[in-house]
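Topology and contacts: notes
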Amino acid sequence: ASDGSGSKKNKFVSTKTLFGIGFIIIALIVSYISKDIYLTKTEEYKDNIYKKTNEDILKRFQNSIDEKLNISLLVASSLSKENKVKKSLLLKDRNILDMDKLLEEMRTKNEFVDIQVEIIDSKGISFSRSWVNNYGDDLVKNDTKLAHIIKYPKVFSQIKSTKFGMTFSSKIPLYENNKFI
């Protein structure tokens, strides 16, 4: 014979068990959602750091390129003001240039160690090169941009990718008595 106390105890245990199971289920759901939110926020944070770092690197790279182009233009501008350069072109005498001395002066005035200077006449013919004793070739036939500059003389700077690496170059037309030389 049963006095009824056993069934109440089973009801109490089963209610307690249900609350425990319910609590565990809720804790697992909250844990899963929290983990998902945490991972999402972590990815967003990493993406933001990546984007900011990428923007910073690109900005520094662009500033470096701009600086090197400006220095290239400054070197070309300085050389264009040298009377020796004009005189050499006008008299068609490369010996007047003393290219080694000119370049040594240029190297001491800026950060570049490897400065290469090419002087081109008004027809696009290489008049002098600092890195090799080879001149007289027609540069216009292989360089459409140079052909345009020769036809419409103006200051021009560019970046070229060559087999030797990235090259920063500037071209400044020289005039004597309003004549392009």
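Everything discussed here concerns the structure shown above.
A brief look at the structure comes next.

So, how was this worked out
Within any chain, residue numbers begin from 1 and follow the written order of that chain's sequence. Note on the predicted model: pLDDT of at least 70 is required for a residue's local features to be given, and 80 or more for side-chain atom pairs to be given and counted; whole-chain, interface and lining totals, by contrast, use all residues. Note that water and hydrogens are dropped before the side-chain values are worked out from all heavy atoms of the structure. Helix and strand assignments come from DSSP, with helices taken as H or I runs of at least 4 residues and strands as E runs of at least 2, each series counted from the N terminus. Each radius of gyration reported is based on C-alpha atoms, and the globular scaling rule is 2.2 Å times the count of residues to the power 0.38. Partly exposed residues are those whose accessible area sits between 20% and 50% of the maximum for their type, while under 20% is buried and over 50% is exposed, using a 1.4 Å probe and protein chains only. Accessibility throughout is a Shrake-Rupley quantity obtained with a 1.4 Å probe, and a residue counts as covered only by protein chains that appear here. Positive: Lys, Arg. Negative: Asp, Glu. His and the chain ends are not part of the count. The atoms used to mark charge sites are NZ of Lys, CZ of Arg, CG of Asp and CD of Glu. Salt bridges are defined by distance alone: a side-chain nitrogen of Lys or Arg within 4 Å of a carboxyl oxygen of Asp or Glu. Note on aromatic pairs: the rings of Phe, Tyr and Trp (six-membered ring only in Trp) are paired at centre separations within 6.5 Å, and the planes decide the class, stacked below 30 degrees, edge-to-face beyond 60, tilted for the rest.

1. Regarding the overall build of the chain
Helix and strand counts for the chain stand at four helices and six strands. In terms of overall dimensions, the chain is more spread out than a globule: its C-alpha atoms have a radius of gyration of 38 Å, far above the 16 Å expected for 181 residues. C-alpha atoms of the chain, sized along the principal axes, occupy 135 × 35 × 30 Å. The proportion of buried residues among the 181 residues of the chain is 22%. As presented, the chain carries roughly 13,900 Å² of accessible surface, and 57% of it is formed by carbon and sulfur atoms. Looking at charge distribution, the chain has the averaged site of its 31 positive side-chain charges lying 6 Å from that of its 23 negative ones.

2. Concerning the pattern of salt bridges
Note that side chains of opposite charge can pair when their charged atoms are close. Scanning all chains against the criterion turns up six salt bridges. Between K46 and E43 there is a salt bridge, and its shortest N-O distance comes to 3.4 Å. With K46 and E43 both in helix α1 (residues 5–80), this residue pair falls three residues apart, about one helical turn. For E43, a relative accessible area of 41% translates into the label partly exposed. Between R129 and E118 there is a salt bridge; the shortest N-O distance is 2.6 Å. Taken as a pair, R129 in strand β2 (residues 126–129) and E118 in strand β1 (residues 118–120) lie far apart in primary sequence, eleven residues in all. Among the charged side chains, a network of salt bridges with common partners joins E118, R129 and D137.

3. Overview of the packing of aromatic side chains
Within the structure shown, the criterion is met by one aromatic pair. Relative to F180, the ring of Y175 has its centre 5.8 Å away and its plane inclined at 50°; by these criteria the two rings are tilted. Overall, the relative accessible area of 35% leaves Y175 in the partly exposed class.

4. Brief notes about unusual backbone geometry
For D98, which is not glycine, the phi dihedral falls at a positive 50°. Checked against the element boundaries, D98 lands in the loop between α2 (83–91) and α3 (99–109). One non-glycine residue, N178, lies in the positive phi region at around 65°. Here N178 shows up in the loop between β5 (175–176) and β6 (179–180). According to the relative accessible area criterion, N178 is exposed, its value standing at 79%.

Worth remembering: the numbers are spatial, not functional.
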